[in-house]
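Below, each chain spelled out in residue letters.
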Amino acid sequence: MGEFKVHRVRFFNYVPSAIRCVAYNNQSNRLAVSRTDGTVEIYNLSANYFQEKFFPGHESRATEALCWAEGQRLFSAGLNGEIIEYDLQALNIKYAMDAFGGPIWSMAASPSDSQLLVGCEDGSVKLFQITPDKIQFERNFDRQKSRILSLSWHPSGTHIAAGSIDYISVFDVKSGSAVHKMIVDRQYMGVSKRKCIVWGVAFLSDGTVISVDSAGKVQFWDSATGTLVKSHLIANADVQSIAVANQEDSFVVGTAEGTVFHFQLVPVTSNSSEKQWVRTKPFQHHTHDVRTVAHSPTSLISGGTDTHLVIRPLMEKVEVKNYDAALRKITFPHRRLISCSRKRHLLLFQFAHHLELWRLGSTVATGKNGDTLPLSKNADHLLYLKTKGPENIICSCISPCGSWIAYSTASRFFLYRLNYEHDNINLKRVSKMPAFLRSALQILFSEDSTKLFVASNQGALHIVQLSGGSFKHLHAFQPQSGTVEAMCLLAVSPDGNWLAASGTSAGVHVYNVKQLKLHCTVPAYNFPVTAMAIAPNTNNLVIAHSDQQVFEYSIPDKHYTDWSRTVQKHGFHHLWLQRDTPITHISFHPKRPMHILLHDAYMFCIIDKSLPLPNDKTLLYNPFPPTNESDVQRRTAHAFKISKIYKPLLFMDLLDERTLVAVERPLDDIIAQLPPPIKKKKFGT
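Below, the structure is looked at part by part. (Residues numbered from 1 in each chain as written. Predicted model: local features only at pLDDT ≥ 70, side-chain atom pairs only at ≥ 80, totals over all residues. Heavy atoms only, no water.)

**Some remarks on the sheet that holds strand β35 (residues 380-386)**
How we decide: Pairing between strands is defined by DSSP: at least two bridges between them are needed. Helix and strand definitions here come from DSSP, where helices need a minimum of 4 consecutive H or I residues and strands a minimum of 2 consecutive E residues; each element is numbered from the N-terminal end. Interaxial angles span 0 to 180 degrees and are taken between N-to-C directions of axes, which are lines fitted to C-alpha atoms, for helices over the stretch in contact.
Within the open sheet, the four strands sit side by side as β32-β33-β34-β35. Their pairing is antiparallel. The sheet is open, and its two edges are formed by β32 (338-341) and β35, each paired on a single side. With strand direction ignored, the average angle separating the axes of adjacent strands in the sheet is 20 degrees. With four bridges joining them, β32 and strand β33 (residues 346-350) adopt antiparallel strand pairing. Residue pairing for β33: Cys-340 is matched across the bridge by Leu-347.

This is the structure:
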């Protein structure tokens, strides 16, 4: 692998926002996740659970409900009283409509996907018709005395169940009137609580309504008679969420104690046709409240205050023991939040509402391999740049020379010029940005810091010339006619002649920057791109996909390289393909053209193209140090050199030929900044 001096950075104080809602789309096998800061993320479960899209948060959009309708249409609603539809191609908000019922607590799409229900603070249940372009208000149901916290449609679409405080209402959809009102027992562990909040309801085909509430109970109701059939006390705290499988043979609930319970419909006796609901499996993968759950055909999905998205496979449902058979715990975004200025040894950290600029520390000490060297000069916090307005930052970048910083929100683009005078920084904003640079999804500077490449949410790629403290718009590559595909990843060649852009449909387009035209399009691949970079000298484009495949494409020759064809013919090691976090960054060593440097959240790897590929019988990674000379030779006999010392790894890159910078974010540091969990009494304490 070679020796490197590594700057081990742990002062990126990043804390993901808590998960508030999840919504599973059975048609596309995608999962929508909303967080407490208003951010919405889309995960492609068929593409190795990759986070392929995201919508930035907003201070006034506290999302309380999320649902899919008409296949690929995504809606959210929240405490600002608005219903929002998202444009999944342009990656922006299509429109926002006020429901005029105060804060919205719940939302559900009809089984036919033609209607949308919302439950409001004022006790109203509002029905909207879903039209091709928008949604249209249809009518109100009978108003209730308290807020509507949960909603569920009967699979026939004729009735709905609405959970409120102390009771559950069953409505007839045709008339809009309440046909039953079921009072929830306030008793909790023998003590009468002041209020009982019905956090979730599920309406089954046989007329059974399942409710979960703040008294720690899961209850089964007969909607025809409005009576309680059965009750399970499963927690000493709130049961906050419920989701039912499509076949209605199992459901999952999440509690405020961090436990997820799985209920299954099983025969009463081995030969009986009569069935009953039985609590079969408890899972404790969370440390804090489980605010939301979902049930896919093969797994249970949960999220909450501890920021983890947990995907627990149901082994009896998994046919092939591959990606779907592994427990997934997704914590960090699958996009870069850090950029680096190699020339000045600077790191730019992106947070939701501010940027931080740090200068790395230095040392004059020397040591042997594995030693921790003391700093002769500590890292300096040079700049704290706070955004104006309620919008979250979408993307940011610092130029390689360290003299420019650019970032964008959903409606504004900012460019700053930095001047360094000893230990002081002068920051000057470039004013009068053109209207077409209103928002960007991705920003990238050229290697010589003279050009800025901006991918807008309308599918255009802009090239801006930077000189002194001013800028000049050079060209805009427009999307193909009839398409508005947002470009999520950019890569520029070190000589500045080539620009590669990857969109949401997994396609990669390569542009000639000198001639200002489209040069070629990389052959389409079924899985989305997670990272890409262009090698110096050869101008080979290295692309990593979510299924862990790595391709090398020659831009000048417009075809895959011989090494890439050899890799595809030979195949990657099975342990490489079984990794569950995507590659998020690729770079190259300036003096070693055969080396490709890449990393995911839990490993750093150097691929040496001059060495043979490992087969499945070869040891891909050995965590123990080599014992003798023959052991060293055996480990260096194949192309993959892997290190798992640094994790969770958010960013790693070369500063110079002998120096690396690694930015870690230990999970314990994140948990320490979360609110305290519910205290549970343990045996013997």
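**Description of helix α1 (residues 562-570)**
Side chains that are three or four residues apart share a direction in an α-helix, a result of its 3.6 residues per turn. What counts, and what does not: Only protein chains enter the accessibility calculation, which uses a 1.4 Å probe; a residue whose area is less than 20% of its type maximum is buried, one above 50% is exposed, and one in between is partly exposed. In this context, the arc is that of the directions from the helix axis out to the C-beta atoms. Any two residues whose heavy atoms approach within 4.5 Å at even a single point are treated as in contact.
Of the residues making up α1, those classed as buried are Trp-563, Ser-564 and Val-567. Viewed along the axis of α1, the buried residues span an arc of 100 degrees, placing them on a single side of the element. Along α1, exposed side chains directed more than 90 degrees from the buried face belong to Asp-562 and Lys-569. Looking at the packing, one finds that the buried side of α1 touches β50 (550-554), β51 (559-560), β53 (592-599) and β54 (604-608). Looking at the residues trailing α1, positive phi occurs at Gly-571, about 90 degrees.

**What to know about the pairing of strand β11 (residues 115-120)**
In terms of residue burial, β11 counts as a mostly covered element, since six of its six residues are buried. Alternating residues of β11 divide into Gln-115, Leu-117 and Gly-119 and Leu-116, Val-118 and Cys-120, and every residue in both groups is buried. Across five bridges, the pairing between strand β10 (residues 104-109) and β11 is antiparallel. The partner of Ser-106 across the bridge, within β11, is Gly-119. In terms of strand pairing, β11 meets strand β12 (residues 125-130) through five bridges, oriented antiparallel. Across the sheet, the residue bridging to Gly-119 is Val-125, located in β12.

**Quick look at the sheet that holds strand β39 (residues 424-429)**
Taken in spatial order, the four strands make up an open sheet running β36-β37-β38-β39, and their pairing is antiparallel. At either margin of the open sheet sits one strand with a lone partner, and together these are β36 (395-398) and β39. Averaged over all pairs of adjacent strands, the angle between their axes in this sheet comes to 20 degrees, without regard to strand direction. Note: strand β37 (residues 404-408) against strand β38 (residues 413-421), five bridges, orientation antiparallel. Following the sheet pairing, Ala-406 is matched in β38 by Leu-415.

**Some remarks on the packing of aromatic side chains**
This is how it is decided: Pairing of aromatic rings covers Phe, Tyr and the six-membered ring of Trp, with a centre-to-centre limit of 6.5 Å; geometry is then stacked below 30 degrees between planes, edge-to-face above 60, and tilted otherwise. Throughout this description, the term charge over a ring refers to an Arg CZ or Lys NZ atom that lies within 6 Å of the ring centre and within 35 degrees of the ring normal.
For the structure shown, the criterion picks out 22 aromatic pairs. On the numbers, 6.0 Å between centres and 65 degrees between planes, the contact of Phe-220 with Phe-251 is edge-to-face. You can see Phe-220 sitting in strand β22 (residues 217-222) and its partner Phe-251 sitting in strand β25 (residues 250-255), a full 31 residues away along the chain. The same class applies to Phe-220 as to Phe-251, namely buried. Ring geometry for Tyr-407 against Phe-414: centres 4.7 Å apart, planes inclined by 15 degrees, an arrangement best described as stacked. A relative accessible area of 1% means that Tyr-407 is categorised as buried. On the basis of relative accessibility, which here comes to 4%, the residue Phe-414 falls in the buried class. An aromatic cluster of three or more residues is present, and its members are Phe-11, Phe-12, Tyr-14, Phe-349, Phe-351 and Trp-358. In this structure, Lys-134 is placed above the aromatic ring of Tyr-95, and the distance from its NZ or CZ to the ring centre is 5.6 Å. Lying over the aromatic face of Tyr-167, Lys-181 brings its terminal NZ or CZ to 4.2 Å of the ring centre.

**Thoughts on the side chain of Asp-608**
Note the cut-off: Residues scored as charged are limited to Lys and Arg (positive) and Asp and Glu (negative), so that His and the chain ends carry no count. Here, a salt bridge means any Lys or Arg side-chain nitrogen found within 4 Å of an Asp or Glu carboxyl oxygen. By the criterion applied in these results, polar contacts are pairs of N or O atoms within 3.5 Å in which, for protein atoms, one can donate a hydrogen and the other can accept it, and in which residues neighboring in sequence qualify only through two side-chain atoms.
With respect to the helices and strands, the residue Asp-608 is situated in strand β54. Comment: no salt bridge for buried Asp-608; closest opposite-charge side chain is Lys-641, at 5.5 Å. Polar side-chain contacts of Asp-608 include one of 3.3 Å to the side chain of His-595. Beyond its immediate stretch of four places on either side in the chain, Asp-608 contacts Met-594, His-595 and Ala-639.

**So, the environment of Val-9**
Here Val-9 lies in strand β1 (residues 5-9). Once you skip the residues sitting within four places of it in the chain, Val-9 turns out to touch Leu-347, Phe-349, Leu-360, Val-661, Ala-662, Val-663 and Glu-664.

**With respect to the pattern of salt bridges**
Counted according to the given criterion, the structure contains 16 salt bridges. For the salt bridge of Arg-10 with Glu-664, the shortest nitrogen-to-oxygen distance reads 3.4 Å. Pair noted here: Arg-10 is in the loop between β1 and β2 (19-25) and Glu-664 is in strand β57 (residues 659-664), with a separation of 654 residues, a long-range link. Relative accessible area serves as the criterion here: at 43%, Arg-10 is assigned to the partly exposed category. Assessed through its relative accessible area of 0%, Glu-664 is described here as buried.

**Considerations on the nonpolar core**
Basically, it comes down to this: Working definition of a nonpolar core: buried Ala, Val, Leu, Ile, Met, Phe, Trp, Tyr and Cys residues. They are joined through side-chain atoms within 4.5 Å.
Leu-74, Phe-413, Leu-415, Ile-443, Phe-445 and Leu-452 are the most contacted members of the largest nonpolar core, which totals 33 residues. Once residues within four sequence positions are removed from consideration, Leu-74 is found in contact with Ala-32, Val-40, Ile-42, Leu-66, Cys-67, Trp-68, Ile-84, Glu-85 and Tyr-86. In terms of nonpolar packing, the next biggest core, distinct from the first, is built from 23 residues, Phe-588, Ile-596, Met-603 and Leu-620 among them.

**Quick word on the side chain of Arg-665**
Here Arg-665 shows up in the loop between β57 and α4 (667-672). A polar contact is formed between the side chain of Arg-665 and the backbone oxygen of Tyr-14, at a distance of 2.6 Å. With residues up to four places along the chain from it excluded, the contact list for Arg-665 reads Phe-12, Asn-13, Tyr-14, Val-15, Phe-332, Pro-648, Leu-650, Ile-670 and Gln-673.

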